[in-house]
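# Report on the structure
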Amino acid sequence: MTAGAALLSVDKLSVAFPGHTAVHEASFSISPGETLALVGESGCGKSVTAFSVMRLLPPNARVASGRISLEGTDLLALSEAEMREVRGARVSLIQQEPMTSLNPVLSIGLQISEVIRRHEKVSRKAARERAVELLDLVSIPNARNRIDDYPHNLSGGMRQRVMIAMAVACQPKLLIADEPTTALDVTTQAQVLDLLDDLRHRLGMAVLLITHDLGVVAQWADRIAVMYAGRIVEQAGIEPFFASPMHPYSRGLLGARVDVDADEHYGSHRLTEIPGSIASAAGQTGCSFAPRCPVVQAACRQAVPPLTPLGEGRAVACPVTTSVPLANRPSFPLSGAGARQ
Amino acid sequence: MTPLLSVRDLHTRYAVGRQVLRAVDGVSFEVGRGETVGLVGESGCGKSTLGKTILRLVPSAEGSITLDGADITHLGDSAMAPHRRRMQMIFQDPFGSLNPRHTIRTVLDTALKVHRLGDAAERERRLVEIIARVGLPPDSLDRYPHEFSGGQRQRIGIARALILQPALIVCDEPVSALDVSIQAQILNLLVDLKREFGLAYLFISHDLSVVRYFADRVLVMYFGRIVESASHTTLWRDPRHPYTKALFAALPSADPTHKRGEPPIKGELVTTEHVTGCRFHSRCPAATDRCRTEEPVLRPLGEGHHAACHYA
Ligand SMILES: Nc1ncnc2c1ncn2[C@@H]1O[C@H](COP(=O)(O)OP(=O)(O)OP(=O)(O)O)[C@@H](O)[C@H]1O
Ligand SMILES: Nc1ncnc2c1ncn2[C@@H]1O[C@H](COP(=O)(O)OP(=O)(O)OP(=O)(O)O)[C@@H](O)[C@H]1O
Ligand SMILES: [Mg+2]
Ligand SMILES: [Mg+2]
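Residues numbered from 1 in each chain as written. Chains lettered and ligands numbered in written order. Predicted model: local features only at pLDDT ≥ 70, side-chain atom pairs only at ≥ 80, totals over all residues. Heavy atoms only, no water.

## Concerning the overall build of chain B
Regarding its fold elements, chain B presents 10 helices and 12 strands. Against the compact-globule benchmark of 20 Å for 312 residues, chain B has a radius of gyration of 20 Å, which places it among compact chains. Each of the three principal axes of chain B carries a C-alpha extent, and together these read 65 × 55 × 45 Å. In chain B, buried positions account for 56% of the 312 residues. Long-range contacts, defined here as pairs at least 24 residues apart, represent 63% of the contacts in chain B between residues at least 6 apart. If you sum the accessible surface of chain B, you get close to 12700 Å²; carbon and sulfur atoms cover 51% of it. (Helix = DSSP H or I, 4+ residues; strand = E, 2+ residues; numbered from the N terminus. Rg over C-alpha atoms; globule rule 2.2 N^0.38 Å. Buried < 20%, exposed > 50% of the residue type's maximum accessible area, 1.4 Å probe, protein only. Contact = heavy atoms within 4.5 Å. Areas by Shrake-Rupley, 256 points an atom, 1.4 Å probe, with all protein chains shown as cover.)

Structure (structure tokens):
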């Protein structure tokens, strides 16, 4: 989509579980140093996509087809031993539900040191020094004294900083952050995301940011990819996206937002839902959003609309909304930020 | 009329190594029948602990909890049983709170059986109904927790709390793992249940836009204490505590042309430190000598608005 060589390119990735397919021919790419936000309905396949890139899928999952290439390396072709060299060193993952991904019985210093020693031949002492530096880097006050702390001694924000320290310990080219701030309050969230942003500039790292928070997307991402039922349905730069989301699901998402500036209260205002549920996509042909789509046409139920590039880094998988020139497009009911501009 | 829930000077302490952590440090508030009270505050300030203490899932050190006029603070297991059904919790960490070896059917059915609600056919009817209402496909009942995405697990937790038709639900970040369209669906569902059954909620959330929309009254917590409380309209129109103001200022705008500023407050809540004076003074942009020595109390500002700041 973007000019120049992509850092990561995911090409027609499909991932199946027994009885259902979680990711369907998903394609997207990330340029060096950029932040791509991946958003979409709960259960649409965001984490499964992240796990595929890391080659950490659950045992009952299988990559059915597709290619994932990182700096030209075909990740799906690597042996497990080769992949271990890549994981943590060239790409790392901050997992959703951080409580489950830190080891409760090991000190944080030891956990960070282990990551370093897995990839680099350094002494225990040197690794420990690096761990102190990393805790410093992620702004943990008094790092030298906190290095022997256990995860339960830390607040949610500090735990997330430790996760980030572990993830960037070997200066990966790509960091996948799966809802890194969902568990944090807004003041801590702003600090953690600023930290990630700062590290990305300093370490020249790209970030795949999985989030539900459209405010986070608007403030911290360069581009967005919207996923629905395992497919990427829209890709765009942040400003064009918020100014005019094009896929009907993207429009629905912005419309369903609780708008903090609008002073709406449940007593007088019912939130806009996207009617139906993602479950209705199962076992049907054509566009998976068709059963819930306000602008559906007969053709939508025949074949899956391809993700079509529209220029300027934008691609949309909806022939209905993209067939009308921008100026003549009927306005869509939106209560989100896009409508206010 | 007695409030549904009344909490008086509640304290909860944890032993952390040799230190004592005062996670909840003298909290008082009420929740009326059918009322939604929002609870916001920094990570680690004690919100989940407060919720769990009220439900008697962690022991209180001091203070009292009254439900429907009955003091439940020190009830034993069997005396507590009838009250348990009346209060449920949607847990913040849905994975940790679900037994990985039980199917969703077992999880939900057990809740009904424990409280002897309905025969097998009636229970099955309720299971199918609740799964549909939280927006999960019917075949979810026979799957295990690890087979769901994060947001789907959250909805299982919501189903488990709702199925007992309680009078009060402590919702601990019930929608933070959900995308905005499912979030809207769940919030609308919670509103419907409130109207149908007069349900009351203690609604813990980091998402201020959701709290503004969903709460009737809001408590702002900082380091174990309530530092401000007001109706949702008053709080947003006229926040008085500097911490509340910082929270509002940090809310990211969903308008990318509106560029974010510096985070209004920095650093982390250090909960094991001993502080004198106001708990917020070391991070407060407006702190004075008085704030460093004298602890402010929660004082009334009119119209049910309270704030614990000398300069509010
Ligand atoms: N171990 C598993 N076995 C079977 N199905 C699974 C498993 N893990 C995930 N799934 C299914 O794969 C689909 C995609 O899940 P995934 O975790 O990627 O969703 P997600 O987009 O990350 O959602 P969320 O926003 O809720 O985290 C879901 O329908 C989920 O039920
Ligand atoms: N079982 C425990 N043992 C010791 N300390 C604990 C325990 N549970 C919580 N704490 C500590 O008590 C304090 C309050 O924690 P709590 O989980 O109630 O905060 P919270 O406001 O819910 O935070 P978050 O927004 O991150 O969920 C924190 O410092 C936490 O580390
Ligand atoms: Mg996920
Ligand atoms: Mg909590």
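## Considerations on the site of ligand 1
The local shell around ligand 1 holds 24 residues, among which Gly-43, Ser-47 and Val-48 of chain A together with Ser-149 and Gly-151 of chain B are the closest. Around ligand 1 the close residues trace back to chains A and B. Asn-60 of chain A is positioned with one of its side-chain polar atoms (N or O) 3.1 Å from a nitrogen atom of ligand 1. Protein coverage of the free-state accessible area of ligand 1, which is 640 Å², stands at 92%. Secondary structure elements with two or more residues in the shell around ligand 1: strand E2 (20-30) and helix H1 (46-54) of chain A together with helix H5 (150-162) of chain B. (Near = heavy atom within 4 Å. Polar contact = N/O pair within 3.5 Å; in protein donor to acceptor, adjacent residues only side chain to side chain.)

## As for the coordination of the magnesium ion (ligand 4)
Residues and elements named next belong to chain B. The coordination sphere of the magnesium ion (ligand 4), as far as protein atoms go, consists of Ser-48 (OG) and Gln-92 (OE1), spread over 1.9 to 2.2 Å. Of this pair, Ser-48 sits in helix H1 (residues 47-54) while Gln-92 sits in the loop between strand E6 (87-90) and helix H3 (104-114), and the two are 44 residues apart along the sequence. Judged by its relative accessible area of 32%, Gln-92 is partly exposed. (Donors = N, O, S within 2.8 Å, 3.2 Å for Na, K, Ca; no water.)

## Thoughts on helix H7 (residues 186-203) of chain A
Residue and element names in this part refer to chain A. Along its 18 residues, H7 runs 25 Å from first to last C-alpha, staying within 8% of the 26 Å computed at 1.5 Å per residue. Of all the 18 residues making up H7, 15 are buried; the element is thus mostly covered by neighbouring parts of the structure. Looking one or two places after H7, you find Gly-204, whose phi comes out positive at around 60°. (Expected span 1.5 Å × (residues − 1).)

## Section: the interface of chain B and chain A
Contact with chain B, which involves 61 residues of that partner, is made by 59 residues of chain A. Where chain B abuts chain A, roughly 5200 Å² becomes buried across the two surfaces, and 55% of that area is made up of carbon and sulfur atoms. Joining chain B to chain A, the criterion identifies 3 salt bridges. The partner of Asp-197 of chain A in a salt bridge is Arg-260 of chain B, and the shortest N-O contact between them spans 3.4 Å. In this structure, the connection of chain B to chain A is made through 25 residue pairs in polar contact (both at pLDDT 80 or more). Broken down by secondary-structure element, the contributors of at least two residues to the side of chain B that touches chain A are H5, helix H6 (180-197), helix H7 (208-214), helix H8 (232-237) and helix H9 (242-250) of chain B. Considering only residue class, the side of chain B that touches chain A consists of 26 nonpolar, 19 polar and 16 charged. (Buried area = accessible area lost by both parts, 1.4 Å probe. Salt bridge = Lys/Arg side-chain N within 4 Å of Asp/Glu carboxyl O. Nonpolar A, V, L, I, M, F, W, Y, C, P; charged D, E, K, R; others polar.)

## Quick word on the site of ligand 2
Taken together, 17 residues surround ligand 2, and among them Gly-44, Lys-47, Ser-48, Thr-49 and Gln-92 of chain B come closest. The local environment of ligand 2 is shared, drawing residues from chains A and B. Gly-44 of chain B has a polar backbone atom sitting 2.7 Å from an oxygen atom of ligand 2. Contacts to ligand 2 include Cys-45 of chain B, whose backbone N or O atom sits 3.3 Å from an oxygen atom. Broken down by secondary-structure element, the contributors of at least two residues to the shell around ligand 2 are strand E1 (5-16), strand E2 (19-31) and H1 of chain B. Ranked by the residues each element gives to the shell around ligand 2, the list is headed by H1 of chain B, at 3 residues.

## Regarding the confidence of the model for chain A
Low pLDDT means the predicted atomic positions in that stretch should not be read closely. With 90% of its residues at a pLDDT of at least 70, chain A reaches an overall mean of 87. Across residues 330-341 of chain A the pLDDT falls below 50, and counting only partners more than four positions away or on other chains, this stretch makes 25 contacts in the model. (pLDDT = per-residue confidence, 0-100.)

## Describing the sheet that holds strand E5 (residues 73-74) of chain A
Residue and element names in this part refer to chain A. Ordered by their spatial adjacency, 4 strands build an open sheet running E2-E1-E4-E5, and the pairing between neighbours is antiparallel. The sheet is open, and its two borders are formed by E2 and E5, each paired with just one other strand. Relative to strand E1 (residues 8-17), H1 is tilted by about 115°, and along the sheet it contacts E1, E2 and strand E4 (62-70). (Pairing = 2+ DSSP bridges. Axes fitted to C-alpha atoms, helices over the stretch in contact; angles between N-to-C directions.)

## Structural notes on the environment of Gln-284 of chain A
Mapped onto the elements of the fold, Gln-284 of chain A is located in the loop between helix H10 (248-256) and strand E11 (308-311). With 198 residues separating them in the primary sequence, Gln-284 of chain A and Val-86 of chain A have C-alpha atoms 38 Å apart.

## Here we look at the packing of aromatic side chains
On inspection of all chains with the given rule, the structure shows 11 aromatic pairs over all chains. Relative to Phe-289 of chain A, the ring of Tyr-249 of chain A lies with its centre 5.6 Å away and its plane at 70°, an arrangement referred to as edge-to-face. In this pair, Tyr-249 of chain A is assigned in helix H10 and Phe-289 of chain A in the loop between H10 and E11, connecting sequence segments 40 residues apart. Comparing Tyr-249 of chain A with Phe-289 of chain A, the two get one shared label, buried. Pairing Tyr-243 of chain B with Phe-280 of chain B gives two aromatic rings, centres 5.6 Å apart and planes at 70°, and the pair type is edge-to-face. (Phe/Tyr/Trp six-rings, centres within 6.5 Å; stacked < 30°, edge-to-face > 60°.)

## Observations concerning the environment of Glu-34 of chain A
Residue and element names in this part refer to chain A. Tracing the chain through its elements places Glu-34 in the loop between E2 and strand E3 (35-40). With relative accessibility at 9%, the residue Glu-34 sits in the buried group. Reaching out from Glu-34, the side chain makes a polar contact with the side chain of Arg-223 at a distance of 2.7 Å.

## A few points about the nonpolar core
The biggest cluster of nonpolar side chains holds 97 residues, and the ones touching the most others in it are Ile-224 and Phe-242 of chain A together with Leu-108 and Leu-162 of chain B. With sequence-adjacent residues up to four places away left out, Leu-108 of chain B is seen in contact with Leu-127, Ile-130, Ile-131, Leu-141, Ile-156, Ala-159, Arg-160 and Ile-163 of chain B. (Core = buried A, V, L, I, M, F, W, Y, C linked by side-chain atoms within 4.5 Å.)

## Thoughts on the pattern of salt bridges
Residue and element names in this part refer to chain B. Across all of its chains, the model carries 42 salt bridges over all chains by this definition. Its salt-bridge partner being Asp-216, residue Lys-194 comes within 3.3 Å of it at the nearest N-O pair. Of the two residues, Lys-194 is situated in helix H6 and Asp-216 in the loop between H7 and strand E9 (217-222); the sequence distance between them amounts to 22 residues. Owing to a relative accessible area of 7%, Lys-194 belongs among the buried residues under this scheme.

## Overview of the packing of helix H3 (residues 108-119) of chain A against helix H4 (residues 124-137) of chain A
Residues and elements named next belong to chain A. Between H3 and H4, the least distance of the axes is 8 Å, while the angle of their chain directions is 115°. Viewed along their axes, H3 and H4 adopt a mutual orientation that is roughly perpendicular. Taken as a pair, H3 and H4 cross one another with a handedness that is right-handed. Touching Ile-108, Gly-109, Ile-112, Ser-113, Ile-116 and Arg-117 of H3 are Arg-124, Ala-127, Arg-128, Arg-130, Ala-131, Leu-134 and Leu-135, all from H4. (Parallel < 35°, antiparallel > 145°, perpendicular 65-115°, else oblique. Left-handed = near helix turned anticlockwise from the far one by under 90°.)

## Some words on the pairing of E1 of chain A
All names here are of chain A. The element E1 is extensively covered by neighbouring structure, given that 7 of its 10 residues are classed as buried. Examined bridge by bridge, E1 and E4 share 7 bridges and lie antiparallel to one another. Of the residues in E4, the one forming a bridge with Val-10 is Ile-68. Examined bridge by bridge, E1 and E2 share 7 bridges and lie antiparallel to one another. From the neighbouring strand, Ser-9 faces E2, where its bridge partner is Ser-29. Counted between consecutive antiparallel strands, the loop separating E1 from E2 contains 2 residues, among which Gly-19 sits at a positive phi close to 90°.

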